[in-house]
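# Observations on chain architecture
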Amino acid sequence: MNRFKTSKFKNTTPKIAKKDGWINNLRAGSFSCQGNHIKASSKLVAFNTEQAGGGMLGLSSVKPGSDGQWTVTQISCHSDLVTDMDFSPFDESLLATCSGDETVKLWRLCDPELEQPSSPELILRPAQGRLELVHFHPTSSGLLAVGTVKSPLIWDTSRQDAPLAVLEQHSDQLQSLSWKQDGSLLASSCKDKMLQVFDPRAQLTPVQSAKSLQNNKDSRILWAKDDFLLTTGFDMMRSREVRLWDSRKLSSSLNSVSLGTSSGMVIPLFDEDTGLLVLAGMGDKVVDCFEVSSSEPFLSQVSHCLTDISTRGVAMVPKLALDVMSCEVMRVLQLTDSCIVPISYQVPRKHSGQEFHEDLYPDTVGTTSAMSAEEWWQGGNKQVQKVSLHPDKRPKLKVPPAKQMPAKKEVTSRGSKEDPAHGCSTSSSPLSTPSSSAVPSRSPSSTSGLSSGFLPSPSPSQSAKAIQSLLGPTSKFRHIQGAVMHRDTHITNMRGLNLTTPGECDGFCVNRQRVAVPLAISGGQIAIFERSQPGRLPDTSLPTIQNSVNVVDFSWDPFDARRLAVAGDDAKIRVWQVPEGGLKETLTEPELILQGHTEKIYSIKFHPLASGLLVSSSYDLTVRLWNLESGEQVKLLTGHQDQVFGMAWSPDGKLLATACKDGKVRIYDPRKSTTPVQEGPGPEGPRGARIVWVCEGKYLLVSGFDSRSERGLYLYSADSLSSGAIASAQVDVSPSTLIPFYDPDTSVIILTGKGDTRVHIYEIFPEEPYFIECSSFNSPEPHKGLAFLPKTECNVRDVEIAVGLMLTKTTIEPVAFRVPRVKKEFFQDDVYTDTAVWWEPILTASGWLSGINGQHKKISLKPKDMTPVSEAPKEAPVRKYLPSSVYLEEKTDEQKKEELLSAMVAKLGNMDDPLPQESFEGVDDDEWDD
């Protein structure tokens, strides 16, 4: 059985708070250290600042004050850079810090609006040089793991003179530490590429060790669940990656996912209850979320969150601070240069904001330690008691100290004293731990409101509305999810593929029936695979199409699933007819050969409306039109001064657009002129480009490179090319040209390059903001091409808006792109407009050449047995009553009696209705006055 819960959280959606929900007015530091730069308890947030050379920390609260604003203050902690920090899991006000000044300090912090303590409660001096890491033990109070430059230390804070254990040194810089959730083991990663697992109570040397990391730059290690470890770092090509390991066998990883190329380290955060892994790259504007499972594929992407500002650090808010009534399963705080941005991860559910969805919230680790450091060191293995997150059962978070405190000092239930001046508790022991969670009086706002970048609300239903009011404008496709389909649909064991096709070629091509893939065999051979026959291919040779020359481009006829046009480097175009049912024997004689170009061909494209009409571009700097009915050249277009990178027919089939290496974008009307009717500046980079018509054919989108070789998108108005691009968006840095697929029904464009691992997705608009970037899809290994099927291949019951086939070194794998929706039982008519029947011709080639125009008919994708979501019956809101204790605490007995009597009188007209008190939960007789 899968030990991780995968199905419930696959549609988890990140929601970024609006700007008025950010913690502003701060100056975060950007320092070279091994910490995450920000940590959060259920009440407080601490983060690195640039003041005092990094020796000061910023401090704020997880939720705003009564005025809806956050107070940000500073604490002077160390004489040198604060390299790491950690809040105690058993005391939300206790913070441990370590520094380049070679000390560890423990601070008992106050509400940010109050004066902070001027000195720590405890100072540890390991005398081993600069300290890099500090982590509280997950089950024992007063126990720390401290990382020096090369050694992990285990320290009982009640014994300040020396650590309990000094573990074996690494040969190079220690980069990260992580306790296992049960507190038994400690894992480390190092610049020497070593992964090590220690059992500090058994031996000072590692119990597991392997030199398994591929690169010595900025690795991070984190325990996932049970015996699994996660690492982030860089591969041998310096691309960032995340890997999953079995801690009992560190010689090889179970799985890895590439995270693209960037120089910043990747910070991992893992939530044990959901199995969700958050990854944020330093300096990036992306926060990825993966789901971790104990079986293949082990790591599957859940979301790709795009932020407005670059990341300086990330922290996870403890589970007890989440708004469970809004189905919030995780909250991440993104530290930027000038603010902290809350990102709430929520699971789409019916009645969100009205009901507690128990299946999303297993009991979570509580805030009472299981044992002392001494008990743990003597072999104790007690675990922290788990608590429920149900609003009626969960332990209450401690109320931050008020500004007005009692005049006298008094001993609290924890045995600590309240400082009336500061509102801070001063305990007799530096790490005293509560035996039970403090329980303040309950109020509706304290049980159901959000406690981070989202404002708290007085009731569950209003809480959901408050979240919506804080979210900015968004695209309905922003959280689109790509997923590889079941292995039963794959074609596997493919051999001898040609993976080095020219840049103008898509790498392979597909239609609804079959796939054409070039082979790295002499004679320009192309293999044809039937989509109706997935599975493992035999090891024996297969029949092919033999072109006798190297293949440079090829394309299926959109109106004839058996006709394949192939361009060769001998300047000829060969047209082949595949037998019904697929290839049974090798084909050597094409049904037609088109000759006219004088040099090698770049690319070929079929006309979108007229059957038997083909266009080609060549090194001879001409673009030619061919009538396959007659086998003759019918038009020759001129005007290009260099290589033609890409061509695209307009949706109405009247115009042809080209992107050229000479830096120009051109539009031709082939039936009226052999020279361009419009011309304008294109992308500056000479490395390659593709072009596609978007927004009902009124705009052109070009994917290309800028002068610094960065990949980008450029949007042009088809009516004014000479004015240049009206908008552009930088994508990333990579050598391959982005190949676009545009869906006119949704205005979503999907792009990827040959050899990439990431598929980029945008929604295109004819007005600002022009581009909205959506969640991307990551393949586990570099793919060699991605080609898309007709819209009718989409499963509308799963809200698929596009289905593509992904070519790898040995397989063809279908990939579905789905829009997360709650009411999948209804047809999503806001997503599925009537789609064009582009696989049926409207004209013949001769008809189009004579000046006739046409338009594709459209059909609905709605199955007969589905009701449009726009016609779905409106659900009556489910009324949820607060527990009686809330009413009893906030209203007098006389008020409550009067309300109940009024409600009963109002109900007397219908004796079948239940009495109001029957709806109250847990009202005992002794709660009523006699």
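Residues numbered from 1 in each chain as written. Predicted model: local features only at pLDDT ≥ 70, side-chain atom pairs only at ≥ 80, totals over all residues. Heavy atoms only, no water.

## Brief notes about the overall build of the chain
- Scanning the chain from N- to C-terminus turns up six helices and 69 strands.
- Per-residue burial over the chain gives 56% buried out of 930 residues.
- When contacts within the chain are restricted to residue pairs at least 6 apart in sequence, those whose partners lie at least 24 apart make up 55%. (Helix = DSSP H or I, 4+ residues; strand = E, 2+ residues; numbered from the N terminus. Buried < 20%, exposed > 50% of the residue type's maximum accessible area, 1.4 Å probe, protein only. Contact = heavy atoms within 4.5 Å.)

## So, unusual backbone geometry
- In this structure, P769 follows E768 across a cis peptide bond, with omega equal to 10°.
- Here P769 lies in the loop between β61 (758–764) and β62 (771–773).
- Even without glycine at this site, E102 takes up a positive phi of about 75°.
- Within the secondary structure, E102 sits in the loop between β7 (91–99) and β8 (104–108).
- The partly exposed category is assigned to E102, whose relative accessible area is 36%.
- Its identity as a non-glycine residue notwithstanding, L621 has a phi of 65°, on the positive side.
- Among the structural elements, L621 can be located in the loop between β48 (613–618) and β49 (623–627).

## Examining the pattern of salt bridges
- In the structure shown here, the tally under the stated rule is 37 salt bridges.
- With its nearest N and O atoms 2.8 Å apart, the salt bridge here joins E121 to R108. Here E121, found in the loop between β8 and β9 (122–124), pairs with R108, found in strand β8; they are 13 residues apart in sequence, far enough to count as distant.
- A relative accessible area of 27% means that E121 is categorised as partly exposed.
- Under the relative-accessibility criterion, R108 is labelled buried at 3%.
- What emerges from the salt-bridge pattern is a single network uniting K180, D227, D246 and R248. (Salt bridge = Lys/Arg side-chain N within 4 Å of Asp/Glu carboxyl O.)

## Quick notes on the environment of S61
- Inspection of the secondary structure assignment puts S61 in strand β4 (residues 56–61).
- On the accessibility criterion, S61 (14% relative accessible area) is buried.
- Sequence separation of S61 and C110 is 49 residues, and the distance between their C-alpha atoms is 9.8 Å.
- Apart from residues no more than four positions distant in its own chain, S61 is found in contact with I23, K43, L44, V45, W70, T71 and P112.

## Notes on the nonpolar core
- Grouped together as the largest cluster of nonpolar side chains are 34 residues, with contacts concentrated most on V329, M330, Y345 and Y361.
- If you list the elements that add at least two residues to this core, you get β23 (266–271), β24 (276–281), β25 (286–292), β26 (299–306), β27 (313–316), β28 (328–335) and β29 (340–346).
- Among all residues touching Y361, those that are not within four sequence positions of it are D323, V324, C327, E328, V329, F356 and L389.
- Within the second largest apolar cluster, 23 residues are counted, among which are I480, I761, C774 and V799. (Core = buried A, V, L, I, M, F, W, Y, C linked by side-chain atoms within 4.5 Å.)

## Considering the sheet that holds strand β16 (residues 186–190)
- Across the sheet, four strands lie side by side as β15-β16-β17-β18; this open sheet has antiparallel pairing. This sheet does not close on itself; its edge strands, each paired only once, are β15 (174–179) and β18 (208–211). Strand-to-strand twist across the sheet, computed as the mean angle between neighbouring axes with direction ignored, equals 10°.
- Of the pairings in the sheet, the one linking β15 to β16 comprises five bridges and is antiparallel in character. Bridge assignment links L174 to a residue of β16, and that residue is C190. (Pairing = 2+ DSSP bridges. Axes fitted to C-alpha atoms, helices over the stretch in contact; angles between N-to-C directions.)

## Some points on the sheet that holds β26
- The four strands lie next to each other as β23-β24-β25-β26, forming an open sheet whose pairing is antiparallel. One side of each edge strand has no neighbouring strand; the edge strands of this open sheet are β23 and β26. Between one strand and the next, the sheet's axes are offset by a mean angle of 20°, whatever the strand orientation.
- When β24 meets β25, the two strands line up antiparallel, connected through five bridges.

## Topic: the side chain of T501
- Relative to the helices and strands, T501 is located in the loop between β36 (491–492) and β37 (509–510).
- A distance of 3.1 Å separates the side chain of T501 from the side chain of K754, its partner in a polar contact.
- Discounting chain neighbours no more than four positions away, the residues touching T501 are G507, P518 and K754. (Polar contact = N/O pair within 3.5 Å; in protein donor to acceptor, adjacent residues only side chain to side chain.)

## Examining the pairing of strand β6 (residues 82–88)
- Burial analysis of β6 places seven of its seven residues in the buried class, which makes it a mostly covered element.
- Relative to β7, β6 runs antiparallel, the two being bridged by six bridges. When the bridges of β7 are listed, D86 appears paired with A96.
- Once β6 ends, the chain turns through two residues before running back antiparallel as β7.

## Quick look at the packing of aromatic side chains
- Counting across every chain of the model gives 11 aromatic pairs.
- Taken together, a centroid distance of 5.7 Å and an interplanar angle of 85° make the contact between W649 and W848 edge-to-face. Remark: W848 occurs in helix α4 (residues 845–849) and W649 occurs in strand β51 (residues 644–649); sequence separation between them is 199 residues. Assigned by exposure class, W649 and W848 land together as buried.
- On the numbers, 5.7 Å between centres and 75° between planes, the contact of W838 with W839 is edge-to-face.
- When its relative accessible area of 16% is taken as the criterion, W839 is described as buried.
- What links up through ring pairs into an aromatic cluster is the set F741, F777, F788 and F817. (Phe/Tyr/Trp six-rings, centres within 6.5 Å; stacked < 30°, edge-to-face > 60°.)

## Some details on the confidence of the model for the chain
- Across the chain, pLDDT averages 82, with 84% of residues at or above 70.
- Predicted confidence is poor over residues 915–925, with pLDDT under 50, and the contacts of this stretch with residues over four places away or in other chains come to 14 contacts. (pLDDT = per-residue confidence, 0-100.)

## Thoughts on the environment of N216
- Within the element layout of this structure, N216 appears in the loop between β18 and β19 (220–223).
- Its relative accessible area of 34% is what places N216 among the partly exposed residues.
- In sequence terms N216 and M236 are 20 residues apart; their C-alpha atoms lie 9.4 Å from each other.
- Not counting the four nearest positions on each side in its chain, N216 is found in contact with Q175, K191 and K193.

## A closer look at the pairing of strand β17 (residues 194–198)
- Burial within β17 is extensive, with five of its five residues counted as buried.
- Alternating residues of β17 divide into M194, Q196 and F198 and L195 and V197, and every residue in both groups is buried.
- Relative to β17, β16 is paired through four bridges, and the arrangement is antiparallel. Looking at the pairing, S188 lines up with Q196 of β17.
- Connecting the antiparallel pair β16 and β17 is a turn made up of three residues, with K193 showing a positive phi of about 75°.

## Structural notes on the environment of I842
- Along the chain, I842 falls in the loop between β67 (835–836) and β68 (843–844).
- Of the residues examined, I842 reaches a relative accessible area of 35% and is grouped as partly exposed.
- When near neighbours in sequence (up to four residues on either side) are disregarded, I842 contacts L609, G854, Q855, H856 and K857.

## Looking at the side chain of S178
- Note that S178 resides in strand β15.
- Aside from chain neighbours lying at most four places away, what touches S178 is L185, L186, A187, I221, L222 and W223.

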